[in-house]
2 protein chains.
Amino acid sequence: MQFKIALGQMEVRPGRPDINTQTMLEMINQARRDGAEVIIFPEMCIPGYLLGDTWEQPSFLRDCEEYGLEISKASDRITVLFGNVGVDWQKTGEDGRVRKYNAFFVARDGKFWGGDNFPYPFRIKTLQPNYRQFDDDRHFYSLRKLALELGKTPEELLTPVYLPLPNGRLGLGCLLCEDGWAADYSTKPIPAIMNKGSVNLLINISSSPFTLGKNNKRNRVFAEQARAAGVPLIYVNNVGIQNNGKTIYTFDGSSTVYNKNGEVIYCSRPSFKPNLDLVELDLANGGTNLPALDVPADDNVSFIYQALHYGIQKFTAAIGMRKVVIGISGGIDSAVSAALYAKAIGPSNLLLVNMPSRYNSPTTRQLARQLAENLGCCYTVLPIQESVDYTVKQIESTPVINPATGEKFALQITSFMSENIQARDRSARVLAAVAAAFGGGFTCNANKAETTVGYSTLYGDQAGFLAAIGDLWKHQVYDLARYLNRHVYGREVIPKGIMDIVPSAELSSDQDVEAGKGDPIAYPYHDYLFRSFVQRWDKATPEDILQWYEQGILEAKLGCRPGLVQQLFPTPRQFIDDLERWWNLFNGLGVAKRIQAPPILAVSRRAFGFDHREAQNGVYYTRRYRQLKHKLLSV
Amino acid sequence: MQFKIALGQMEVRPGRPDINTQTMLEMINQARRDGAEVIIFPEMCIPGYLLGDTWEQPSFLRDCEEYGLEISKASDRITVLFGNVGVDWQKTGEDGRVRKYNAFFVARDGKFWGGDNFPYPFRIKTLQPNYRQFDDDRHFYSLRKLALELGKTPEELLTPVYLPLPNGRLGLGCLLCEDGWAADYSTKPIPAIMNKGSVNLLINISSSPFTLGKNNKRNRVFAEQARAAGVPLIYVNNVGIQNNGKTIYTFDGSSTVYNKNGEVIYCSRPSFKPNLDLVELDLANGGTNLPALDVPADDNVSFIYQALHYGIQKFTAAIGMRKVVIGISGGIDSAVSAALYAKAIGPSNLLLVNMPSRYNSPTTRQLARQLAENLGCCYTVLPIQESVDYTVKQIESTPVINPATGEKFALQITSFMSENIQARDRSARVLAAVAAAFGGGFTCNANKAETTVGYSTLYGDQAGFLAAIGDLWKHQVYDLARYLNRHVYGREVIPKGIMDIVPSAELSSDQDVEAGKGDPIAYPYHDYLFRSFVQRWDKATPEDILQWYEQGILEAKLGCRPGLVQQLFPTPRQFIDDLERWWNLFNGLGVAKRIQAPPILAVSRRAFGFDHREAQNGVYYTRRYRQLKHKLLSV
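Everything numeric in this text was worked out from a predicted model, so none of it was measured.

Definitions and cut-offs
Residues numbered from 1 in each chain as written. Chains lettered and ligands numbered in written order. Predicted model: local features only at pLDDT ≥ 70, side-chain atom pairs only at ≥ 80, totals over all residues. Heavy atoms only, no water. Helix = DSSP H or I, 4+ residues; strand = E, 2+ residues; numbered from the N terminus. Rg over C-alpha atoms; globule rule 2.2 N^0.38 Å. Buried < 20%, exposed > 50% of the residue type's maximum accessible area, 1.4 Å probe, protein only. Contact = heavy atoms within 4.5 Å. Lys, Arg positive; Asp, Glu negative; His and termini not counted. Charge placed at Lys NZ, Arg CZ, Asp CG, Glu CD. Pairing = 2+ DSSP bridges. Axes fitted to C-alpha atoms, helices over the stretch in contact; angles between N-to-C directions. Buried area = accessible area lost by both parts, 1.4 Å probe. Salt bridge = Lys/Arg side-chain N within 4 Å of Asp/Glu carboxyl O. Polar contact = N/O pair within 3.5 Å; in protein donor to acceptor, adjacent residues only side chain to side chain. Nonpolar A, V, L, I, M, F, W, Y, C, P; charged D, E, K, R; others polar. UniProt positions renumbered as here; feature names shortened; annotations may be inferred. Least-squares fit on C-alpha atoms with pLDDT ≥ 70 in both. Phe/Tyr/Trp six-rings, centres within 6.5 Å; stacked < 30°, edge-to-face > 60°. Lys NZ or Arg CZ within 6 Å of the ring centre and 35° of its normal. Domains from an automatic or database assignment. 1 Å grid on protein atoms, 1.4 Å probe; cavity = no way out; pocket = protein on both sides within 12 Å on 5 of 7 lines; lining within 4 Å. Points joined across faces, edges and corners; volume = space filled by probe spheres on them. Expected span 1.5 Å × (residues − 1). Right-handed = clockwise from strand over helix to strand, strands pointing away.

A few words on the overall build of chain A. Along its length, chain A carries 22 helices and 22 strands. Taking 26 Å as the expected radius of gyration for a compact globule of 635 residues, we find that chain A reaches 28 Å, a close match to that expectation. Dimensions of chain A, computed from C-alpha atoms along their principal axes, come out at roughly 85 × 60 × 60 Å. Counting only residues that meet the buried cut, chain A has 66% of its 635 residues in that class. For chain A, the share of sequence-separated contacts (at least 6 apart) that also reach a separation of at least 24 residues comes to 73%. Between the mean site of the 69 positive side-chain charges and the mean site of the 66 negative ones, chain A shows a separation of 0 Å.

Glancing now at the sheet that holds strand β14 (residues 264-267) of chain A. Residues and elements named next belong to chain A. In spatial order, the strands read β7-β8-β9-β10-β13-β14; together these six strands make up an open sheet with mixed pairing. In this open sheet, the two strands that pair with only one neighbour each are β7 (161-165) and β14. When strand polarity is set aside, the average angle formed by the axes of neighbouring strands in this sheet is 20°. Across five bridges, β7 lies against strand β8 (residues 168-176) in antiparallel orientation. Paired with L165 across the two strands is G168, which belongs to β8. Sitting on the sheet, helix α7 (residues 214-229) is in contact with β9 (201-205), β10 (233-236), β13 (256-258) and β14, with an inclination near 35° to β13.

Across the boundary between the two partners, chain B contributes 117 residues, which contact 117 residues of chain A. With both sides pooled, the region where chain B packs onto chain A buries about 9900 Å², and carbon together with sulfur makes up 52% of that total. Remark: the boundary between chain B and chain A carries 20 salt bridges. Across the salt bridge formed by A:R606 and B:E56, the nearest N and O atoms sit 2.6 Å from each other. Inspection of the chain B/chain A interface yields 62 residue pairs in polar contact (both at pLDDT 80 or more). The element contributing the most residues to the side of chain B that touches chain A is helix α12 (residues 415-438) of chain B, with twelve residues. Among the residues forming the side of chain B that touches chain A, the class breakdown is 55 nonpolar, 28 polar and 34 charged.

Another point: the UniProt feature "active site" (unreviewed entry) in chain A. Residues and elements named next belong to chain A. Here, the residues flagged by UniProt with the feature "active site" (unreviewed entry) are E43, K125 and C177. What stands out for the annotated residues spanning 135 residues is how close their C-alpha atoms remain, the widest pair being 10.0 Å apart. Mapping E43 onto the fold places it in the loop between β2 (38-40) and α2 (58-73). Non-local contacts of E43, meaning those with residues more than four positions away in its chain, are made with Y49, G83, N102, K125, L176, C177, I205, S206 and S207. Turning to its location among the elements, C177 is positioned in the loop between β8 and α6 (189-194).

Before going further, it helps to spend a moment on the relation of the copies chain B and chain A. Overlaying chain B with chain A gives an RMSD of 0.0 Å, the required rotation being 180° about an axis along which the chain moves by 0.0 Å. One copy is carried onto the other by what is essentially a two-fold rotation axis. Among all residues of chain B, the minimum C-alpha distance to the rotation axis is found for B:Q596, at 2.0 Å. Of the residues that chain B buries at the interface, 100% are likewise interface residues in chain A, meaning the two copies contact each other through the same surface.

We now examine the packing of aromatic side chains. A complete count under the given rule lists 68 aromatic pairs over all chains for this structure. These aromatic residues form a ring-pair network of at least three members: A:F82, A:Y101, A:F105, A:F112, A:Y120, A:F122 and A:Y141. Positioned over the ring face of B:W537 is A:R97, at 3.9 Å from the centre of the ring. The aromatic ring of A:Y162 is capped on one face by A:R169, whose charged end is 3.8 Å from the ring centroid.

Listed as buried for helix α4 (residues 143-150) of chain B are B:L143, B:R144, B:K145, B:L146 and B:A147. Contact partners of the buried residues in α4(B): α3 (136-139) and α4 (143-150) of chain A together with β4 (98-108), β6 (123-124), α3 (136-139) and α5 (154-157) of chain B. With its phi angle positive at about 70°, B:G151 sits one or two positions after the end of α4(B).

Residue and element names in this part refer to chain A. Within the fold, L375 resides in helix α10 (residues 362-375). We classify L375 as buried; its relative accessible area is 6%. As for L375 and L352, which are separated by 23 residues in sequence, their C-alpha atoms are 9.9 Å apart. Each residue touching L375, except ones within four places of it in the same chain, is listed here: A338, A339, A342, P347, L352, Y489 and V493.

Residue and element names in this part refer to chain A. In terms of domain boundaries, chain A breaks down into domain 1 (2-299), domain 2 (302-519) and domain 3 (522-635). Here the C-alpha centroids of domain 1 and domain 2 sit 42 Å apart. Counting residues at the interface gives 13 residues for domain 1 and ten residues for domain 2. Together domain 1 and domain 2 conceal approximately 1100 Å² of surface at their shared face, both sides included; 75% is due to carbon and sulfur atoms. Inspection of the region where domain 1 meets domain 2 yields one salt bridge. Across the contact surface, domain 1 and domain 2 share two residue pairs in polar contact (both at pLDDT 80 or more). Among the elements of the structure, β11 (239-243) and β12 (247-252) are those that each provide at least two residues to the side of domain 1 that touches domain 2. Per-class residue counts for the side of domain 1 that touches domain 2 are eight nonpolar, three polar and two charged.

Moving on, we get to empty space enclosed by the protein. For the structure shown, the criterion picks out 15 cavities of 30 Å³ or more. Taken as a whole, the largest cavity encloses approximately 410 Å³ of empty space. The wall of the largest cavity is formed by 29 residues, among which A:K246, A:I595, A:F610, B:K246 and B:F610 lie closest to the centre. Put simply, the parts of the chain that give the lining of the largest cavity at least two residues each are α21 (589-595) of chain A together with α21 (589-595) of chain B. For the lining of the largest cavity, the class distribution of residues is twelve nonpolar, nine polar and eight charged.

With that settled, the discussion passes to the pattern of salt bridges. Going through the model one piece at a time under the given rule, you end up with 72 salt bridges over all chains. The closest approach of N and O atoms between B:R606 and A:D53, which form a salt bridge, is 2.6 Å. Highlighted residues: B:R606 in the loop between β22 (600-601) and α22 (623-634) and A:D53 in the loop between β2 and α2, drawn from two different chains. Judged by its relative accessible area of 1%, B:R606 falls in the buried class. Here the salt bridges do not stand alone but share partners, grouping A:D53, A:E56, A:D95, A:R97, A:R138, B:R132, B:K539, B:R606 and B:D611 into one network.

Turning our eyes to something else, we now look at the environment of B:P17. Here B:P17 lies in helix α1 (residues 17-33). Separated by 48 residues in sequence, B:P17 and B:E65 have C-alpha atoms that sit 9.5 Å apart. Once you skip the residues sitting within four places of it in the chain, B:P17 turns out to touch A:Y620, B:I46, B:F60, B:D63, B:C64 and B:Y67.

Take the side chain of B:Q385 next. All names here are of chain B. Its place among the elements puts Q385 in helix α11 (residues 385-397). The class of Q385 is buried, set by a relative accessible area of 17%. Polar side-chain contacts of Q385 include one of 2.6 Å to the backbone nitrogen of R358.

On to α1(B), then. The terminal C-alpha atoms of α1(B), which comprises 17 residues, lie 24 Å apart, in line with the 24 Å expected from a rise of 1.5 Å per residue. Taken as a whole, α1(B) has its buried residues at B:P17, B:D18, B:N20, B:T21, B:M24, B:L25, B:M27, B:I28, B:A31 and B:R32. On its buried face, α1(B) is in contact with α22 (623-634) of chain A together with β1 (2-9), β2 (38-40), α2 (58-73), β3 (79-92) and β15 (275-282) of chain B. Positive phi appears at B:G35, one or two residues downstream of α1(B), with a value of about 85°.

Turning our eyes to something else, we now look at the pairing of β1(B). Residues and elements named next belong to chain B. The buried count for β1 comes to six of eight residues, which makes it a mostly enclosed element. In this structure, β1 lies alongside β15, joined through eight bridges in antiparallel fashion. Bridge assignment links F3 to a residue of β15, and that residue is L281. Sheet topology note: the β1/β2 ladder contains three bridges and is parallel. Looking at β2, one finds that A6 is bridged to I39. Following the chain from β1 across α1 to the adjacent parallel β2, one finds a crossover that is right-handed.

Take a look at the structure:
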């Protein structure tokens, strides 16, 4: 049973069934010309997957249904497997709207197959993720709910799709994305399907966003499934970008074929590229006709670069933005942003703007200019001091009238307020206007550490159309800077001085880089502390931190350098003051600022925005924390 | 069987189990002193309900559990019913984290009851909402999933809790919020519980946010449940505010008792106020011992005012903001904001700022001053023309260097760009600094029509710490203005001139109010068009609109004035151009702006933010729309 199978690793454009259908039709024709008997497309490849509440538009659902019929009509002499929304116009979902399924369609010779042993002429998703950025239960009726409604068990409904093919009958185990991640669910789709009779092939169609390190994990999990089932497994994922408003996800594709021994025998390369991969699979021997491949690790800076590069290119194209303005300070974050964008959209479409005030050192001004020259971008210098002075003077010299007392009084601008005035002057006054005049938008260069604790000014450096490095901790920003110089540009586009200088906002004389003064964030420790608040699967709070501190295992738990904590905080009092300072900001102003922050390009397994959901509820310390703190400070 | 039952309509502080437990302990003691045999608290009254991903902190869960034990210890001689998170530390949820239930606890004499006929010593939520702002499946394991795991039906697990009381055994049907809204679910909790034996009383503990008109609907639905079951039903809801970051919800309480005939025999009044209501219920006659009450309609402007007034008070208090700055233009939106805040936080804590440019008419300047005087707020005038001129001149006169060509070029600021510069100058330069100096934040005065189509400037009038009227259509803003004058202030604080003037941004000579020129939004029509995009349960798209237009039923479908469409758009071409203009903005720049917009105080059944979720996916027109358009334009 030799089958020529095409993996339709297409770019899915979310919310564009017209374009996606066109892409599919072209790939189907190509696959047929190439002699493929089967072509497999990703989950939800007609509508896209992350659409917000567009699923609540009946006219959109009808449209997707019609495009799905068009695909079935094009399935002459080829079996087309694809994901689409399956609509039951006669039934409602639990929100009272028309019922929608996240569905797997098998089309051949103009009709849909699989309705002989299932209530619908399509298969539906059994396990629906409702964690991280996923909202499946919000929109789709799962197989588990359908089973409950029909008075059956999910296992009864989990059946293969049988296809008569020229060279034999094919039993397909049709899985949708999360169906292959069953570890934490009481229903196990694969064994249930395998129990129902002869299955020759498992097929997992996914719309699985890129997350650093996820492919390695998927290879472990899916390989084990193929091995346990004793049949090959084909995983097809899309490329492109999709978003949930606050958070933007890239899709790397990486469609993979596993043989019955759980070995990877095919992997679509390169990542982040549409591909029509043809795999000749001998199902008689479970796909062992092809040699096993090594799959490299995917949790390194090269993948971060690929995801950001691809994400910037696709996002700017998607919103029709051809030109971009970046405020460059001579610091590392804006430099890395500039180097990323220069590669992604071309240096001639990039305008770098340095906006010094009296606090900006000659060193950083010079480094900014050097960076612009190295990248070959348009460049200008727009000082902000005059405007900042004008604002302070205007406010301080204009009386406010209090009608209750009849008195007039003057407002006073403190040094701290003036720092924020500078930041807003740069972004909201200069960059926004310059970007409009240049014909584009301006970027937000905030990193994840700053974003965690709101170390930024709203409508100032927190502003921009996209936070491309907003999901990178500061140490990852440095890693990426080195990677850009070494591997992307092959020369020192980001000057060494920018790597070496102390990170600083340069908004007051307390942040004088020439004197080695900089940010209050000690990144080699705080990067890891903040990461434990956000990215640990079981989120850490001060209670956990203090317990680990007391037990002497904090650095091991956080993953930062041993000895660092004692060095930074000689006493428990200093340690606790620091911990509370940042916990307060993380839960206080940090949340308020993130609510109004730009979209973040996600690479980690927990990006701010729609992935890490939060309420503006203020700061809380558990009772055990308070007890532990009392104990530590009483010693 | 006469029972004295206390409804513990408490204020729940989200994320503050310490404070909530203290509140409960005080109310328990008071109820005991008042001779109550039972006290009923709302759903999730210990942790709060809308907490974002705080549910992923194990230390927080432990803390809530311990506070729950404290409540049970306080249940000496009184039965305490309350909501809390129920944790099973031995099992996992479907996200792999420790398993959490949205749980209903029955405590009496220091122990939890109900474990004799159920797997846990608490009841758990069967129906979990995953629509609008609700994310229950993200965090909690439903009874339906538990049943599936145990190989049972949900109905088998739905059992009453039996309580031995001094004057008899009480069978309680314990429901959590959505369990009482079963219409669209295949599992029906109430009949299932009633089938299990003697039930004397249904109790629905809720954490149900205020939505205009929801109480009337709830009274219809819950009354029918009590009637069908033939036993009284007690509904206990909390007050306070909770939020999901982008969207802030008020909770009105309105705890209600229905007798076995479905008549309302008690309703906690006033709304939005913590109450310990005592109800003497004779269960022998199904609560018919008390007279039936009329419950007034709740979908009028008075409830909008109450919700906004309460929301502003609670939200400013929650984030520790005592002073507020409002930019007032002499237009209706900022005037209504000012009048709301003056009542909510006191006029002396409010600073109103008028920021004229050359485009602001003497009329609106004078109206702004008049408003400030009427309200008795602090007031100042800070013109922006000089600063705006400086910005334009600085950008236009500073050369940009293009290193590729070696050439220098100048950027040009157009009139449209200058409009946005003015808006940002007001908010990001003036108001943000003035607010800091005054010791508070500044407001966003955008209404829902502007917010729908992004008719605002990012970092300009779109900025602020809270959009208090961001969930009101323009006609609701006018209604509220009249209500404020007539019923709240009892005098014309908002000058008639502000009500009468044409709505205008006054950012260019094209928006000259003296010449009657104003906004491009024709509110009497567009308010209703936009509402159909956002608030219809089945969201309308241009396909629906055009179909209704063709059928001549558009105004009836939208709910706007008959004849208006023909009057505004004499030809199909004009109608379609207008439709596409706003649909493009709604799905394009509108989304981008909402991503960075401030939190909105929700009153409608669909507020922007976490309630109406959206992706920045651009604009789409269905195939049928394109066909219909072609047909209409070909006639």
